[in-house]
Amino acid sequence: MARYQRGSLALKKRAKLADAWEFRWRDSNGRQRSRLLGSVQKLPTEQDAQRAADVLRLEINSELPKAVPITVATLIHRYLDDKVEKERLAFATHNSYKTYLNHWVEPKWGQHLLEDVRTLAVESWLRDIPLAPKSKRHLRNVMHVLYECALRWELVSQNPITRVRQGGARLAEPDVLTTEEFRLLLTKLTAEPYRTMVILAGCLGLARSEVVGLKWQDVNWGAATLTVRRGVVNCNVGNPKTMARRKPIPLAPNLLTILREHRERTAYKVDSDWVFASPYKNGEEPYWPDSALENFVKPAVKLAGITKRVGWHTFRHSYSCLLRANHADVKVQSELLRHSNIGTTLDVYTQAVSAEKRAANGRVVGQLLSV
């Protein structure tokens with residue numbers, strides 16, 4: 001019968017490298033095993049090292065997951081270190097989860113045993129914390145994902161967050177630009193490639209990570225389509241958020257012309273080059289979207305006399321509103337925005353025709369770029 005291994009923690013002295021915390025235990029055959037958890041620079045205190053050791057204990061004793069009580073803090077660290085979970089999420093999403101877990105969940109629930117977290121207690125906590133409803137909804141969903149992993153790892157028998165109710169209604173609707181405001185913005189935003197970046201964001205509803213993540217090989221000139229194959233966040237290149245985000249996007253003729261003109265201007269025009277390659281990084285990285293927004297887009301917004309709050313996501317919201325204003329079929333809207341789900345019935349039984357998507361997108365592009 002398998003025996004639970006608690007193991008021991010020790011500080012290992014190293015001559016040429018920083019001292020490191022070492023965890024020692026015996027395997028199922030009684031042999032002494034050890035693994036370095038990290039240097040004192042990474043784990044400065046014994047408490048930090050014990051947290052890392054707790055995560056390793058879960059791995060070592062995977063056949064006896066409930067042999068000793070497990071805290072929420074241990075589960076959080078196990079989840080954040082899990083390679084499968086990291087690869088499943090986009091970089092930005094994983095960072096968002098990490099922020100919610102480290103800044104909100106662990107301080108409140110970290111010392112609780114997994115089975116001691118109760119539905120009503122979580123609901124009460126969410127009601128009182130100083131976050132917007134939508135952020136509370138995200139926080140609730142992150143906790144649900146955390147406990148789903150605990151279920152998969154057989155650490156708990158049920159997910160207490162499943163029954164937690166938390167609304168996510170916005171406190172205020174996000175600002176959107178009218179066609180007139182978008183065209184006025186373009187008259188003030190003359191610097192390239194920032195103008196072309198805004199045009200693609202506004203005419204295709206691309207997220208900021210998708211705009212800067214484009215490469216010339218993503219443009220199918222013959223079929224007049226664009227396919228988002230990656231996203232870039234803080235120089236980290238990752239997959240799109242969902243498979244739906246990888247669906248080809250129709251390119252109206254005037255957008256193709258704008259892209260061709262941009263390719264002629266840029267020094268980086270090989271298929272493997274970034275569409276918005278930064279000359280400051282010798283083309284090895286794309287422009288930083290936040291710098292582009294603060295230094296070029298927002299000043300142009302101010303010059304245009306637009307008082308609305310404008311960020312990269314404003315263009316995606318505006319694109320969505322224009323699709324609805326043009327009476328595009330809801331399935332066509334969903335596919336052009338590349339949402340994963342608009343309801344089981346529509347997703348399973350309805351398939352938008354490419355011609356319909358191209359026509360809907362073309363109407364929006366025509367409105368935004370008409371003079």
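Keep in mind that what you see is a predicted model, and the values were worked out from it rather than measured.

1. As for the overall build of the chain
Looking only at helices and strands, one finds 15 helices and 8 strands in the chain. Expressed along its principal axes, the backbone C-alpha trace of the chain runs to roughly 75 × 50 × 40 Å. Sorting the 371 residues of the chain into buried and exposed places 46% on the buried side. As displayed, the chain has an accessible area near 19,900 Å², and 50% of this comes from carbon and sulfur atoms. Across the chain, 58 positive and 38 negative side-chain charges occur, with their mean positions spaced 1 Å apart.

2. A look at the sheet that holds strand β8 (residues 249–250)
Ordered by their spatial adjacency, 3 strands build an open sheet running β4-β5-β8, and the pairing between neighbours is antiparallel. Only two strands of the sheet have a single partner each, and these edge strands are β4 (219–220) and β8. Where strand β5 (residues 225–226) lies against β8, 2 bridges are found, and the strand directions are antiparallel. Residue pairing in the sheet places L226 in a bridge with I249 of β8.

3. A few points about the pattern of salt bridges
If you walk through the whole model with that rule in mind, you get 19 salt bridges. Residue E85 pairs with R88 through a salt bridge whose shortest N-O separation is 3.2 Å. Placement of the pair is E85 and R88 together in helix α3 (residues 83–88), with a separation of 3 residues, close to one helical turn. Residue R245 pairs with E210 through a salt bridge whose shortest N-O separation is 2.7 Å. Taken together, the residues span a long stretch of sequence, with R245 in the loop between β7 (236–238) and β8 and E210 in helix α9 (residues 208–212) at a distance of 35 residues.

4. Regarding the sheet that holds strand β2 (residues 20–26)
On the basis of which strands lie adjacent, the open sheet formed by 3 strands has the order β1-β2-β3 and antiparallel pairing. Bordering the open sheet on either side are β1 (8–12) and β3 (32–39), each of which pairs with just one other strand. Each strand of the sheet is rotated relative to its neighbour by a mean of 30°, with strand direction disregarded. Bridge count for β2 against β3 is 7 bridges, and the pairing is antiparallel. Among the inter-strand pairings, F23 is bridged to a residue of β3, identified as R35.

5. Examining the packing of aromatic side chains
In the structure shown here, the tally under the stated rule is 7 aromatic pairs. Geometrically, the ring pair formed by W109 and W125 is edge-to-face, given 5.7 Å between the ring centres and 90° between the ring planes. Taken together, the residues W109 in helix α4 (residues 91–109) and W125 in helix α5 (residues 119–128) connect sequence positions 16 residues apart. With a centroid separation of 3.8 Å and an interplanar angle of 15°, the aromatic rings of Y194 and F296 are classed as stacked. Here the residue Y194 occupies a position in helix α8 (residues 194–204), and F296 occupies one in helix α11 (residues 289–303), the gap between them amounting to 102 residues. The exposure class assigned to Y194 is buried, which follows from its relative accessible area of 6%.

6. Considering the packing of α4 against helix α6 (residues 133–152)
Axis separation between α4 and α6 bottoms out at 10 Å; the angle between their running directions is 80°. It follows from the interaxial angle that α4 and α6 lie roughly perpendicular. Side by side, α4 and α6 meet where Y97, Y100, L101, W104, V105 and W109 of the first sit next to S135, H138, L139, V142, M143, V145 and L146 of the second. Residue classes in the contact of α4 with α6 are distributed as 11 nonpolar, 2 polar and no charged.

7. A short note on helix α2 (residues 72–81)
Of all 10 residues making up α2, 8 are buried, and the element is well covered by its neighbours. Taken residue by residue, α2 has V72, A73, T74, L75, I76, R78, Y79 and L80 as its buried positions. Looking at the buried side of α2, the elements it contacts are α1 (46–60), α3, α4 and α6.

8. Description of unusual backbone geometry
With an omega dihedral of 10°, the bond running from E192 to P193 counts as a cis peptide bond. Checked against the element boundaries, P193 lands in the loop between α7 (179–188) and α8. Located in the positive-phi region is N282, a residue other than glycine, with phi close to 55°. By the element assignment, N282 lies in the loop between α10 (253–265) and α11. Overall, the relative accessible area of 60% leaves N282 in the exposed class.

9. Topic: the packing of α7 against α8
In contact at an axis separation of 10 Å, α7 and α8 are set at 165° when each is read in the N-to-C sense. Viewed along their axes, α7 and α8 adopt a mutual orientation that is roughly antiparallel. Between α7 and α8 lies a crossing whose hand is left-handed. Of the residues in α8, those in contact with F182, L185 and L186 of α7 are R195, V198, I199 and G202. Class assignment of the residues belonging to the contact of α7 with α8 gives a composition of 5 nonpolar, 1 polar and 1 charged.

The rules behind each value
Residues numbered from 1 in each chain as written. Predicted model: local features only at pLDDT ≥ 70, side-chain atom pairs only at ≥ 80, totals over all residues. Heavy atoms only, no water. Helix = DSSP H or I, 4+ residues; strand = E, 2+ residues; numbered from the N terminus. Buried < 20%, exposed > 50% of the residue type's maximum accessible area, 1.4 Å probe, protein only. Areas by Shrake-Rupley, 256 points an atom, 1.4 Å probe, with all protein chains shown as cover. Lys, Arg positive; Asp, Glu negative; His and termini not counted. Charge placed at Lys NZ, Arg CZ, Asp CG, Glu CD. Pairing = 2+ DSSP bridges. Salt bridge = Lys/Arg side-chain N within 4 Å of Asp/Glu carboxyl O. Axes fitted to C-alpha atoms, helices over the stretch in contact; angles between N-to-C directions. Phe/Tyr/Trp six-rings, centres within 6.5 Å; stacked < 30°, edge-to-face > 60°. Parallel < 35°, antiparallel > 145°, perpendicular 65-115°, else oblique. Contact = heavy atoms within 4.5 Å. Nonpolar A, V, L, I, M, F, W, Y, C, P; charged D, E, K, R; others polar. Left-handed = near helix turned anticlockwise from the far one by under 90°.

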